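What the coordinates show
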Amino acid sequence: MKPRILRYESVPSTNTEVARFAAEGAAEGLAIVADEQTAGRGRLQRAWSSTKGAGLYFSILLRPTLAPDRWPLITFVAALATGDALLDASEVQTDIKWPNDLLANERKICGILAEAIETPTGRAVVLGIGINLTNDAFPPDLLNVATSVANESGGQPERERILAALLNALARWYSLLHEPDGAAKIVAAWSSRSSYASGKLVQVTNGDEVLQGLTRGIENDGALRLETAQGIQLIRAGDVTSVRPARVNA
Ligand code: BTN
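Residues numbered from 1 in each chain as written. Predicted model: local features only at pLDDT ≥ 70, side-chain atom pairs only at ≥ 80, totals over all residues. Heavy atoms only, no water.

Moving on to the overall build of the chain. A count of helices and strands for the chain gives 5 helices and 12 strands. Relative to its full complement of 250 residues, the chain shows a buried share of 50%. Across the chain, the fraction of contacts at a sequence separation of at least 24, relative to all contacts at a separation of at least 6, is 63%. Element-wise, carbon and sulfur atoms account for 50% of the exposed surface of the chain, whose accessible area totals about 11900 Å². Considering the chain, the positive charge centre built from 25 side chains and the negative charge centre built from 28 side chains are found 2 Å apart. (Helix = DSSP H or I, 4+ residues; strand = E, 2+ residues; numbered from the N terminus. Buried < 20%, exposed > 50% of the residue type's maximum accessible area, 1.4 Å probe, protein only. Contact = heavy atoms within 4.5 Å. Areas by Shrake-Rupley, 256 points an atom, 1.4 Å probe, with all protein chains shown as cover. Lys, Arg positive; Asp, Glu negative; His and termini not counted. Charge placed at Lys NZ, Arg CZ, Asp CG, Glu CD.)

Below you can see the structure in the form of structure tokens.
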């Protein structure tokens, strides 16, 4: 994967722009970075607040040559690469919440949105990554659930340094995903960096369905194993929140 970066001051969404280039036949590695997004998108049709200069808003076009069961691991690759980049460039330690939120001190610092698209030259993925650089990236009422690189590092985030580290790490993990034993290695690395992978009491919401259980590891295609009162269930979509066990005063 050879990145070719296009920079914009303002776009509706870097994912939408990359998808537009993909429809015109752009090659793998076409990437867009914007200072602001006016219609940034998150998972599950949510908006992604994208204040000018307050975040790293980045999307890249991937044209994977992978078996279908490996495609969900593209978001794992993104989480691992972003974790590396934040550590290398800003000394910020992160945790990963399934499927692909990066947390610092239990608050969200980065979101990842991978969208599969059909293009004239085949199925592709637009991988979008949004990193909160300062607390201006998100509305003040999210301060209890969101954080930023500035907040966690106590310094001025260097966007270009983080971007360079991210591209580097993405190329490494993405190339590993294409190797024969890559899926297992990526799941193992992801699991070792996620407090949510195993032994965590969580609630999973998927539309109207709400499940509660203990996490019991990750399948090789990225599904979360959840031990519920009904037995082990494989979770492939939904929102995970940590549940604090009830205190027993006895
Ligand atoms: C989420 O956590 O819900 C995912 C958020 C993804 C946000 C990024 S910012 C760059 C790219 N462009 C978008 O419109 N969304 C992604």
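Additional details are given in the paragraphs that follow.
Lining the immediate environment of the ligand, one finds 19 residues, of which Ser-13, Gln-37, Arg-41, Arg-43 and Lys-108 sit closest. Residue Arg-43 places a main-chain N or O atom 2.7 Å away from an oxygen atom belonging to the ligand. One nitrogen or oxygen atom from the side chain of Lys-108 is found 2.6 Å from an oxygen atom belonging to the ligand. Burial of the ligand by the protein amounts to 98% of the accessible area it has alone, namely 420 Å². For the shell around the ligand, the secondary structure elements donating two or more residues are helix 1 (14–23), strand 3 (55–62), strand 6 (107–119) and strand 7 (122–132). If one sorts the elements of the shell around the ligand by residue count, strand 6 sits on top with 4 residues. Tallied by class, the residues present in the shell around the ligand amount to 5 nonpolar, 10 polar and 4 charged. (Near = heavy atom within 4 Å. Polar contact = N/O pair within 3.5 Å; in protein donor to acceptor, adjacent residues only side chain to side chain. Nonpolar A, V, L, I, M, F, W, Y, C, P; charged D, E, K, R; others polar.)

Strand order across the open sheet formed by 5 strands is 11-10-9-8-12, with antiparallel pairing between neighbours. Sheet topology places strand 11 (231–235) and strand 12 (239–242) at the edges, where each strand pairs with a single neighbour. Ignoring which end each strand starts from, the neighbouring axes of this sheet average 45° apart. In this sheet, strand 12 lies alongside strand 8 (residues 198–206) in antiparallel orientation, the contact comprising 4 bridges. Directly across from Val-202, in strand 12, lies its bridge partner Ser-242. (Pairing = 2+ DSSP bridges. Axes fitted to C-alpha atoms, helices over the stretch in contact; angles between N-to-C directions.)

For the rest of this paragraph, the subject is helix 5 (residues 182–192). Taken together, the buried positions of helix 5 are Gly-182, Ala-183, Ile-186, Val-187, Ala-189 and Trp-190. Viewed end-on, helix 5 has its buried residues packed into an arc of 165°, placing them on one side of the element. (Arc of directions from axis to C-beta.)

Further remarks concern the packing of helix 4 (residues 159–177) against helix 5. The interhelical angle for the contact between helix 4 and helix 5, taken along N-to-C directions, is 130°, at an axis separation of 7 Å. Regarding the angle of helix 4 to helix 5, the classification is oblique. Between helix 4, through Trp-173, Leu-176 and Leu-177, and helix 5, the contact on the second element is made entirely by Gly-182, Lys-185, Ile-186 and Ala-189. A per-class count over the contact of helix 4 with helix 5 returns 5 nonpolar, 1 polar and 1 charged. (Parallel < 35°, antiparallel > 145°, perpendicular 65-115°, else oblique.)

Turning next to the packing of aromatic side chains. The description of an aromatic ring pair uses the distance of the two centres, along with the angle that the planes make with each other. Here the structure, examined in full by the defined rule, presents 1 aromatic pair. Pairing Phe-76 with Trp-190 gives two aromatic rings, centres 4.5 Å apart and planes at 15°, and the pair type is stacked. With Phe-76 in helix 2 (residues 74–90) and Trp-190 in helix 5, this pair connects stretches of sequence that are 114 residues apart. Judged on exposure class, the residue Phe-76 and its partner Trp-190 are both buried. (Phe/Tyr/Trp six-rings, centres within 6.5 Å; stacked < 30°, edge-to-face > 60°.)

On to the side chain of Asp-221. Of note, Asp-221 is situated in the loop between strand 9 (209–218) and strand 10 (224–228). A distance of 3.1 Å separates a polar side-chain atom of Asp-221 from the backbone nitrogen of Ala-223. At 2.4 Å, the side chain of Asp-221 and the side chain of Arg-236 are in polar contact. Contacts of Asp-221, omitting those with residues within four sequence positions, involve Asp-69, Pro-72, Leu-73 and Arg-236.

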